[in-house]
Amino acid sequence: MATPPLSVDRLAEVFGPHRNYEPPGGWGDAARRPDALVKTHCSFCGMQCGIQLKVRDNRVVGFEPWEAFPFNHGMLCPKGVKRYLQGAHPDRLLSCLQRTDAGFAKISYERALAETARRLTAIRDQYGPDAIAVYGGASMVTEKAYVLGKFARVALGTKHIDYNGRLCMVSAGTAYKLTFGVDRATNPWPDLATADVVLIAGSNTAECAPITTYHLWQCRERGGRLIVMDPRMTPITRNADLYLPVRPGTDLAVFLAMLHVIVGDGLVRDAFIRDRTTGFEAVRASVAEWTPARAAEISGVRPDDIVKAAHWIGETDRAMGLHARGIEHHSKGVENCLAMLNLFLATGNVGREGAGCMMITGQGNGQGGREHGQKCDQLPGMRDIRDPAARQYIASVWGVPEESLPGPGKSAVEIMEAIHRGEIKALLSMCFNPVVSLPDAAFTREALSKLEFFGIIDFFLCETAHHADIVFAGSLQEEDEGTVCSAEGRVQKINKAVDPPGDARSDALIICDLARALGRGQHFDYPGGTRDIYEELRLASRGGLADYYGITWDRIERELGVFWPCPTLDHPGTPRLFADGRFAHADGKAHMQVTEWRESGDPADATYPILLTTGRVVSHYLSGAQTRRIGPLVDQCPEPRLELHPALAATLGVADGDWLEVTTRRAALVIQAMVVRTIRPDTVFIPYHWPGQRSANRLTHRTLDPRSKIPEFKVSACRLEKVAPPLELSTWRREETGWGAPASGDQRSDLPRSDR
C-alpha cells in the first residue's frame, strides 16, 4: 500500500512546505559581488522570459534583468522576481529516500537505483510491461522529456507514458493538428502589437502570462481593439473595448453565433476559403441555426455584443486570437478551439503579420515538453506513434526493432483510473504532483494507495511524494542544461548556473542510470550529458512536424532562440507559420472542422445550481509545490478564497470574509468568501494551487474531452452554504493529504531537516 508513512504534520515538519524569505547567506551577503551572471530563462510559465541569475559559491543568490532578450526586454512578473529563492531552499531534497514504517529514510543513490530496478523488474515479469506507467512533467527541459519517453518505451517497454501537460494544452494541440496540421501557435508574440483586433478567450492573461500584456498594450497604444471573453473580469479586461461575460461551459455557443454573423453579413473572405481551406461548406451549414439570440440564451452574452465582436474580427485583415485553459479545460475543449480557429480562417486572418490564432501555453516548457515523446500518442518530432513510417524512423535512431516500440497508451487521468482498477501496478513519476493537479483528488489518493511500487524523481517532497516508495533527489532548472520551447515556438537555451546540491542528480542522468540498472544501458549512453541527448533529439526530430534538426545549442545562444520548424543548419527558423500560403496538411490547406454543441459533464440542476470554475492566481504556479515555499509569494496569496458576486452573496446572507461550504456531486470544501463584482452572479471561482482540505480539485470531476483527454476543470455544478469558520484554522491550513497518522503519535521521520 503506497500510503504516507506518517501524518502530514510529521512530514511537513521535515519536508515542508516552509517559507523561504532570504537568499543563501542572508541579506547581509546580498551586496557582495556575484561570481557569475548566468543568462537563462524563468521556469514559472510558458513565456520563458529571459533572466540573469546571480551565482556565488555555487548557489543562486539573486537575479538581474536581461534587457537584450527580445521577448520580455528584462521585464519579469512577481514569480520571476522571486524564483531565485527556491535555489537553496531549506526544503530542498539532498539525498534519495525510502519509505519505511517510521517515515522516510535516507538511502544511497546506488541503493535507490537497485531497489527501483528490482521492484520494476519484478512487476514487469509478473504482470507484463504495461503494468508499469510513467508520468512526466511539462516544466522539464526538452531533453528530459525526450529521454523519459525513450526510457518508458525502450527500457521499460510500456506504452503508458503521459505528462501533466495533459492538464494544460492538449485540447488546443488537438484542434491545431486537426485544422492546421501542426500543434503550435501561428505567430510570434510581437505580432500582437500589429493587430487591429485581438480576441482573448478564456485566458487570465495578466495573471497567468503576465509579460504577454506588454505586447497587448503595444496593440492598444496604436489603436488596436481588445475583446475579452471570460466568466470573470480578470485584470486584462480593464484594457478591453468589449467584454463578453460568457457562462462557464458555453464558449462554443458564442463562437458558433459569431461565425453565423460572419457568414450572414458577408464577412467571409471567399478567395482565402477557396484557395487555402477545405470543409467550409459543412461548417457554414452547421452554424445556420446558431443565431446570436440562441447563443445569448445559452451563454448569457448579449446578442448585440456577439454581433459587434464578429464584425470587428470580420471587417479587418489584422485580427488575432489568444486562448488558454478557459476554453480548453472542458469536455468539449477541442470543439471550443476548433470553433475559434474557424472564425479566423473564415475571415482570412491567418498566416500574416498581425493575423493568426495562438494558444497561451501554461507550463514552463508546455510546448517543448509535448513535442518529443512523453505524450502517450506521440514520438519525437511530434510524430504520430501509430504511423508506421514514424515508428520505423524513430526505431532506427534508437537502435531498436520497430516492432519493439509500444503503441499509444493511456492519458494521464486514464492512467490514474487504471491504477485505481488495479490494472497498473507501478508508477514512476518525474516533476508531476497529481494529488493536487488531477481532478477528484480523493479518487487520486485512493488510486495511489493501491500501487505495488511508486517511484518519484523531484527536488521537493511534494504531496504526491508522500505516497512514494523511493524518492530520487532530482534537479532544479538552473542545475541542468538543456532547451525549452516557449509559447511562441521559439527554442531557447537553459544554462546551468550551479551544481545539484548534496546527492541530488540531474533528472536525465537518473533516468539513464536507471536504464542501466534495468539492463538497457546500451541505449542510454550519453557521455556528454544533456548535450548528447539533444544531439540525438535533433536527429530524431528530423523530418517531423517539430523539426529541430537545424537548431544547435550554439545557434540558440547566438540568435537568442530559433523558431521551429528549422530543418537545416542554414534555415532561418519559422517565427510565423503558413506565411508561404501552405498549411501543414499534405494538401497544403487548412481543414475547417464542424463542431457540435453538447452540455458539460457535470451540469447544474436544482440541487447544484451554481457553476464552479477554477484557475490560477499570479503569485502561484501549477500545484504550488514550488511557489508555496517562496515566502513573499505566499504572503501575497497565502490561501485560496472563493470569489462570488455580491448578488449571489446577498441571496446567501454572506459578506466578504465569511465562510462557505462548497458542495459538488463528489465532495465538500470549506473556504472563505471573497465578494467581488468581477464575476458572473451564477458562477464562483476557486484557485487550485493548494492541497488537502484547501484543494479545489476535491470538487472537480473526471469527465474528459473524448479526443484530447483533458479533464473538465472549468465547470462543475455546486451549491453553497454559509458555515462557521473551521474550529481549528491551523488544521484547515495544514498541507493535509487526506490520510491520517498511521498509528503512534510519536512516530517521526528519521531525517533531521538538515539531512534530507
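See the structure shown above.
Residues numbered from 1 in each chain as written. Predicted model: local features only at pLDDT ≥ 70, side-chain atom pairs only at ≥ 80, totals over all residues. Heavy atoms only, no water.

1. A closer look at the overall build of the protein
Stage number 1. If you tally the helices and strands in the protein, you get 24 helices and 28 strands.
Stage number 2. For 756 residues, the compact-globule formula gives about 27 Å, and the C-alpha radius of gyration of the protein, at 25 Å, lands near that figure.
Stage number 3. In terms of principal-axis extent, the alpha carbons of the protein reach across some 70 × 65 × 60 Å.
Stage number 4. Within the protein, the fraction of its 756 residues that count as buried is 65%.
Stage number 5. A fraction of 75% describes how many contacts in the protein between residues 6 or more apart in sequence connect residues 24 or more apart.
Stage number 6. Roughly 24,000 Å² of accessible area belongs to the protein as shown, and the carbon and sulfur atoms make up 50% of that amount.
Stage number 7. Taking the average location of the 88 positive side-chain charges in the protein and that of its 92 negative ones, the two points are 1 Å from each other. (Helix = DSSP H or I, 4+ residues; strand = E, 2+ residues; numbered from the N terminus. Rg over C-alpha atoms; globule rule 2.2 N^0.38 Å. Buried < 20%, exposed > 50% of the residue type's maximum accessible area, 1.4 Å probe, protein only. Contact = heavy atoms within 4.5 Å. Areas by Shrake-Rupley, 256 points an atom, 1.4 Å probe, with all protein chains shown as cover. Lys, Arg positive; Asp, Glu negative; His and termini not counted. Charge placed at Lys NZ, Arg CZ, Asp CG, Glu CD.)

2. With respect to the pattern of salt bridges
Stage number 1. Scanning the entire structure with this criterion turns up 49 salt bridges.
Stage number 2. In this structure, the salt-bridge partner of arginine 222 is aspartate 196, at a minimum N-O distance of 3.3 Å. Taken together, the positions of arginine 222 in the loop between helix H7 (212-221) and strand E9 (225-229) and aspartate 196 in the loop between helix H5 (170-179) and strand E8 (197-201) put the pair 26 residues apart, joining distant regions of the chain.
Stage number 3. Given a relative accessible area of 28%, aspartate 196 falls into the partly exposed group.
Stage number 4. When the shortest N-O distance is used, the salt bridge between aspartate 377 and lysine 375 registers 3.1 Å.
Stage number 5. The structure contains a network of salt bridges with shared partners spanning Arg99, Glu115, Arg118, Arg119 and Asp469. (Salt bridge = Lys/Arg side-chain N within 4 Å of Asp/Glu carboxyl O.)

3. Structural notes on the pairing of strand E27 (residues 683-687)
Stage number 1. Where burial is concerned, most of E27 is hidden: five out of the five residues are buried.
Stage number 2. What you see with E27 is no split at all: Thr683, Phe685 and Pro687 on one side and Val684 and Ile686 on the other are buried throughout.
Stage number 3. Strand direction decides the pairing type here: strand E23 (residues 610-615) and E27, joined by five bridges, are parallel. Bridged to threonine 614 within E27 is isoleucine 686. (Pairing = 2+ DSSP bridges.)

4. Considerations on the sheet that holds strand E19 (residues 482-485)
Stage number 1. Across the sheet, which stays open at both edges, the three strands sit in the order E19-E20-E21 with antiparallel pairing between neighbours. The two strands at the open ends of the sheet, each matched to only one other strand, are E19 and strand E21 (562-563).
Stage number 2. Here strand E20 (residues 490-494) pairs with E21 via two bridges, running antiparallel. Opposite arginine 490, over in E21, you have phenylalanine 563 as the bridge partner.

5. Points about the packing of helix H16 (residues 412-421) against helix H18 (residues 441-449)
Stage number 1. Put simply, H16 and H18 touch, their axes get as near as 8 Å, and they point 55° apart. It follows from the interaxial angle that H16 and H18 lie oblique. Here H16 runs over H18; the crossing is left-handed. Note on element contacts: H18 touches H16 through Phe443, Thr444, Glu446, Ala447 and Leu448, opposite Met416, Glu417, Ile419 and His420. (Axes fitted to C-alpha atoms, helices over the stretch in contact; angles between N-to-C directions. Parallel < 35°, antiparallel > 145°, perpendicular 65-115°, else oblique. Left-handed = near helix turned anticlockwise from the far one by under 90°.)

6. Some points on the packing of aromatic side chains
Two aromatic rings are characterised by how far apart their centres lie and by the angle between their planes.
Stage number 1. Considering all chains together, one arrives at 15 aromatic pairs under this definition.
Stage number 2. Ring geometry for phenylalanine 15 versus phenylalanine 104: centroids 6.1 Å apart, planes at 90°, classification edge-to-face. Separated by 89 residues along the polypeptide, phenylalanine 15 in helix H1 (residues 8-15) and phenylalanine 104 in strand E5 (residues 103-107) bring together distant segments of the chain. Judged on exposure class, the residue phenylalanine 15 and its partner phenylalanine 104 are both buried.
Stage number 3. Aromatic pair phenylalanine 180 and phenylalanine 583: ring centres 5.6 Å apart, planes at 10°, arrangement stacked. Taken as a pair, phenylalanine 180 in the loop between H5 and E8 and phenylalanine 583 in the loop between E21 and strand E22 (590-591) lie far apart in primary sequence, 403 residues in all. With respect to burial, phenylalanine 180 and phenylalanine 583 carry one shared label: buried.
Stage number 4. Among the aromatic side chains, those forming a connected cluster through ring pairs are Tyr176, Phe180, Phe578 and Phe583. (Phe/Tyr/Trp six-rings, centres within 6.5 Å; stacked < 30°, edge-to-face > 60°.)

Read these as geometric descriptors, not functional statements.
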